[in-house]
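As a plain string of letters, each chain reads:
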Amino acid sequence: MTQSTTAFSNVQVGVDYYPEHWDETMWEQDAALMQTTGVKLIRVAEFAWSRLEPEDGRFDFAWLDRAVDTFHRYGIQVVIGTPTNTPPRWLTSKHPDILPIQHNGDIVQPGVRGHRCFNSPSLLQYSIRIVSELAKHYSNHPAVCGWQIDNEYWLLECHCPSCNTRFREWAEARYASLKELNDAWGTVVWSGEYSDWSEITTPLGGTANQNPSFLLEYHRFQSDSALRFQRKQMEVIRQYAPGHFITHNFHSYPQKMDIHLIGAELDFASFDYYPNTSPDKTATGPYSGALSLDLTRGIKRRNFWIMEQLSGPPGCWFPNWRTPYPGFIRAFSWQTIARGADTVVHFRWRSAIQGAEQFWHGLIDHSNVPGRRFKEFADLCREVNSVAAQLEGTTLRNDAAILYSSDQLVALGNQKPVDGFDYYENIKAWHRALTKLGIGVDVIHTKEALEGYKILLVPHLYLLDEHLAGRIEQFAASGGTVILTHRSGVKDHLSVCHMQPLPALLSNCAGVVVSEYDPIGNDVHHIRTSDQKQFTSTQWNDLLEPVTAEAIAWYADDFYEGVPAVTRNRYGNGTVYYVGTQPDDAYMERLIQEAAEGADLPYYENLPEGVQLSVRQNETKAYLFVLNLSRQEAVIDLGYSYVSLLTAGKQPSTLVLPPYGVEILNISTPS
Ligand code: GLA
Ligand code: ZN
């Protein structure tokens, strides 16, 4: 993997380019402008199946060769997307089994995209064939460095005959007998017991109110199906183009698709990042973006790529958003690098003049006259290229982690606990509280090793088995600080409720049990702390009964006024907090500050709204990114003065950043 290793750790800027959308005479002009702008890479072809294989078995790569050669002449590298997201019409007409079937029997018709079922034998066969041809053809092209498999998977809830057959086989392989499956899923309820394997189907009729164990398993099956589809493509690419990297562009979290399962086999994860440009989102957007980036870094626990980065006002799937404010394109690109992106590929070079996405704007407008956004992009390219060498090989090393899994998301989504409860939104709130305090956080899967962290935030560990509970206990016992929340320890990994007082397997380390709960939903309640401060809370109230823990906040309303709402327990050498309700941001920040002090973790108390900090480092160097992702000037008192990587000048210890201002400080040694 010599060639790919260098290519994928480069800190550089690229663009998404669709040679098939433009007259060939434009390729050269575009390549020349890219070169002078400092663009290093393009991604191509991920939807171009009808041009790459215009009829069954007739491949035409000549046009792509001419495009790739043109860009190569201008020193630009190429990532090829496998075109399997958009099977051409001749293929779906010939093999309609490719088209997914919805629960009501409707067929997902061609005309948009994503009209392909991962379990269709024809899709698999034709995909492997075209991907093999492409991989053989481009394995030695000096410009081609890697592959993106398909485009933006999402969890298909498909009910086609192949999905039904394969789901049955999947279940048969997982359970020793039908009796074991019936017992495990609790199909006895409502006389849902299967008496023959052939009775097992996908959730026909839709997912509402069906057996939660069955639904969870069906969703796992669909993630496995995407994994298998990806693996088949990867096998042929590895066979024919072993020097190339392989990635996939994840998007729009949260995804029911198990991104960690799918991501594990890739060389690195990529993400498509479209931060919201609306002025109403300036307070929350940059934080939710930060979570997306941290989650993407967590997929492989390594640096990642942005395969599509916002370049203009988005529109098509919804009416147009606002145009990116001056500085937005640059600042949000730096945000991705600050959180571990290496290559950042902008979507797209020029807005399409045809097709449904005409108004999902690129860097250059339909007029083909580069304007303000392009100028800002060109400045970004110059800046990134000027510091790329220093940043290469650096990554984030955080002391705090949030545990996340799509199993929890799916289980809590299939059976929403109460109005207002949203697993991912609640994670956003905790992540935002950490980010506002300048505490770097990794967002990792529940199965990941926990060693090395000081603080572990574990929102809603709804599905919990002994192994995971044991690892969390062990983390706390050996000195870690854990923050647990309501709706934890409720069920096992098959969505069957534990017959124990909550938080069940975590009660011992939390030193507390839940005597009763009140799902308050959108009602606004309050909690009170010992210094008589009051905070609001919503969604859920666990009435807590401390065993060894001490209460640190109490309910202030209703028949349970005065009952503990939040507790703290010493466990071994560590501390376990249990938060029985969904507190407001102010309380979250207060609790995290307390936990950080106990864990000896530094934080910043007065970071202005929208300012985000992160550190990229390796053994010898460390760079602090200070980003002002707001429309107001920000004054940040760092307490030290450092040399700027961007200007090489020494910055005062109090930084003043303009709206969307970016600074990168060399903190390798305090100066
Ligand atoms: C996604 C896709 C792109 C494009 C953009 C804009 O992220 O991967 O092909 O459609 O959205 O909508
Ligand atoms: Zn299907």
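None of these values were measured; they are calculated from a predicted model.

### Quick look at the environment of Thr25
- If you trace the backbone, Thr25 turns up in helix α2 (residues 25–37).
- Residue classification places Thr25 among the exposed positions, given a relative accessible area of 55%.
- In this structure the side chain of Thr25 is engaged in a polar contact, spanning 2.6 Å, whose partner is the side chain of Asp23.

### With respect to the pattern of salt bridges
- Evaluated as defined, the whole model comprises 38 salt bridges.
- When the shortest N-O distance is used, the salt bridge between Asp365 and Arg373 registers 2.6 Å.
- Taking relative accessible area as the criterion, Arg373 reaches 10% and is therefore assigned buried.
- Here Asp379 makes a salt bridge to Arg382, at a shortest N to O gap of 2.4 Å.

### Here we look at the UniProt feature "domain: Glycoside hydrolase family 42 N-terminal" (unreviewed entry) in the protein
- UniProt records the feature "domain: Glycoside hydrolase family 42 N-terminal" (unreviewed entry) at residues 16–386, using the numbering of this structure.
- Segment residues 16–386 splits into 41% helix and 11% strand. End C-alpha atoms: 22 Å apart.

### Quick notes on the site of ligand 1
- In the vicinity of ligand 1, the residues found are Phe47, Arg113, Asn151, Glu152, Asp272, Tyr274, Glu308, Trp317, Phe347, Glu357 and Trp360.
- A distance of 2.8 Å is found between an oxygen atom of ligand 1 and a side-chain nitrogen or oxygen belonging to Arg113.
- Within the side chain of Glu308, an N or O atom sits 2.6 Å from an oxygen atom of ligand 1.
- Starting from 300 Å² of accessible surface for ligand 1 in isolation, the protein chains cover 96%.

### With respect to the UniProt feature "active site" (unreviewed entry) in the protein
- As annotated in UniProt, the feature "active site" (unreviewed entry) corresponds to Glu152 and Glu308 in the numbering used here. Annotated residues spanning 157 residues; largest pairwise C-alpha distance 10.6 Å, indicating a single compact cluster.
- Here Glu152 is in contact with His248, Asn249, His251, Asp272 and Glu308, once residues within four sequence places are set aside.
- Relative to the helices and strands, Glu308 is located in strand β8 (residues 304–310).
- Apart from the residues within four sequence positions on either side, Glu308 is in contact with Asp16, Arg43, Asn151, Glu152, Asn249, Phe271, Asp272, Tyr273, Tyr274, Val345 and Phe347.
- Among the polar contacts made by the side chain of Glu308, one reaches the side chain of Arg43 at a distance of 3.0 Å.

### Regarding the coordination of the zinc ion (ligand 2)
- Note on the zinc ion (ligand 2): its protein donors are Cys117 (SG), Cys158 (SG), Cys160 (SG) and Cys163 (SG). The metal-donor distances range over 2.2 to 2.3 Å.
- Viewed at the metal, the four donor atoms of the zinc ion (ligand 2) are separated by angles of 97 to 115°, and the geometry they form is tetrahedral.
- Each donor residue of the zinc ion (ligand 2) lies on one chain, and together they are spaced C-x40-C-x1-C-x2-C. Of the two residues, Cys117 sits in the loop between α5 (89–94) and α6 (121–138) while Cys163 sits in helix α7 (residues 161–174), which places them 46 residues apart along the sequence.

### A few points about helix α15 (residues 423–436)
- Given a rise of 1.5 Å per residue, 14 residues ought to cover 20 Å, and the 20 Å separating the end C-alpha atoms of α15 matches this to within 8%.
- Taking burial as the measure, the 14 residues of α15 include 13 buried ones, the bulk of the element.
- Sitting at the amino-terminal end of α15 is Asp422, which places a side-chain oxygen 3.0 Å from the backbone nitrogen of Tyr424.

### What about the packing of aromatic side chains?
- Applying the stated criterion across every chain, the model contains 42 aromatic pairs.
- The interplanar angle of 55° and the centroid separation of 5.9 Å between the aromatic rings of Phe59 and Phe61 together place this pair among those described as tilted.
- Residue Phe59 is classed as partly exposed on the basis of its relative accessible area, which comes to 24%.
- Look at Phe61 and you get buried, because its relative accessible area is 8%.
- Aromatic side chains Tyr273 and Phe332 sit 6.5 Å apart centroid to centroid with 55° between the ring planes, which places their arrangement in the tilted category. Remark: Phe332 occurs in helix α12 (residues 328–338) and Tyr273 occurs in strand β7 (residues 270–273); sequence separation between them is 59 residues. Judged on exposure class, the residue Tyr273 and its partner Phe332 are both buried.
- Three or more aromatic residues link up through ring pairs in this structure, and these residues are Phe167, Trp170, Tyr175, Trp185, Tyr194, Phe214, Tyr218 and Phe221.

### What about the packing of α15 against helix α18 (residues 585–599)?
- One way to put it is that α15 packs onto α18 with a least axis distance of 9 Å and a crossing angle of 60°. Looking at the two axes, α15 sits oblique to α18. Viewed along their axes, α15 and α18 form a crossing whose handedness is right-handed. The residues of α18 that touch α15, namely those facing Ala429, Trp430, Arg432, Ala433, Leu434 and Lys436, are Asp585, Met588, Glu589, Leu591 and Ile592.

### Focus: a negative patch on the surface
- A surface patch of like charges, here negative, comprises Glu169, Glu172, Asp196 and Glu199.
- Relative to the elements of secondary structure, Glu199 occurs in the loop between α8 (178–185) and α9 (212–240).
- For Glu199, a relative accessible area of 36% gives the class partly exposed.

### Observations regarding the packing of α6 against α9
- It is at 9 Å that the axes of α6 and α9 come closest, and there the two elements cross at 25°. Considering their axes alone, α6 and α9 lie roughly parallel with respect to each other. The two elements α6 and α9 meet at a crossing, and its hand is right-handed. Facing α6, whose interface residues are Leu123, Leu124, Ser127, Ile128, Val131, Ser132, Ala135 and Lys136, α9 presents Arg228, Phe229, Lys232, Gln233, Val236, Ile237 and Tyr240.
- Looking at the contact of α6 with α9, its residues break down into nine nonpolar, three polar and three charged.

### Observations concerning the side chain of Ser278
- Among the secondary structure elements, Ser278 is positioned in the loop between β7 and α11 (285–300).
- Side-chain polar atoms of Ser278 contact the backbone nitrogen of Asp280, separated by 3.1 Å.

### Regarding the pairing of strand β16 (residues 550–555)
- Pairing analysis gives three bridges linking strand β14 (residues 512–529) to β16, with the strands arranged antiparallel. The partner of Thr529 across the bridge, within β16, is Ala553.
- Inspection of the sheet shows β16 paired to strand β17 (residues 564–571) by four bridges, in the antiparallel sense. From the neighbouring strand, Ala551 faces β17, where its bridge partner is Thr567.

### Quick notes on the pairing of β7
- Side chains of β7 alternate between two faces, with Ser270 and Asp272 and Phe271 and Tyr273 buried alike.
- Bridging between strand β6 (residues 249–251) and β7 involves three bridges; their strand directions are parallel. In the strand pairing of β7, Asn249 is matched with Ser270.
- Bridge analysis of β7 against β8 gives four bridges, and the strand direction is parallel. By the bridge assignment, Ser270 is partnered in β8 with Trp305.
- Taken together, β7, α11 and β8 form a β-α-β motif whose crossover is right-handed.

Procedures and definitions
- Residues numbered from 1 in each chain as written.
- Chains lettered and ligands numbered in written order.
- Predicted model: local features only at pLDDT ≥ 70, side-chain atom pairs only at ≥ 80, totals over all residues.
- Heavy atoms only, no water.
- Helix = DSSP H or I, 4+ residues; strand = E, 2+ residues; numbered from the N terminus.
- Buried < 20%, exposed > 50% of the residue type's maximum accessible area, 1.4 Å probe, protein only.
- Polar contact = N/O pair within 3.5 Å; in protein donor to acceptor, adjacent residues only side chain to side chain.
- Salt bridge = Lys/Arg side-chain N within 4 Å of Asp/Glu carboxyl O.
- UniProt positions renumbered as here; feature names shortened; annotations may be inferred.
- Near = heavy atom within 4 Å.
- Areas by Shrake-Rupley, 256 points an atom, 1.4 Å probe, with all protein chains shown as cover.
- Contact = heavy atoms within 4.5 Å.
- Donors = N, O, S within 2.8 Å, 3.2 Å for Na, K, Ca; no water.
- Tetrahedral: all angles 85-135°; square planar, octahedral: opposite > 155°, others 65-115°.
- Expected span 1.5 Å × (residues − 1).
- Phe/Tyr/Trp six-rings, centres within 6.5 Å; stacked < 30°, edge-to-face > 60°.
- Axes fitted to C-alpha atoms, helices over the stretch in contact; angles between N-to-C directions.
- Parallel < 35°, antiparallel > 145°, perpendicular 65-115°, else oblique.
- Left-handed = near helix turned anticlockwise from the far one by under 90°.
- Patch = residues over 30% accessible without salt bridge, like charges linked within 9 Å, V, L, I, M, F, W, Y side chains within 5 Å.
- Lys, Arg positive; Asp, Glu negative; His and termini not counted.
- Charge placed at Lys NZ, Arg CZ, Asp CG, Glu CD.
- Nonpolar A, V, L, I, M, F, W, Y, C, P; charged D, E, K, R; others polar.
- Pairing = 2+ DSSP bridges.
- Right-handed = clockwise from strand over helix to strand, strands pointing away.

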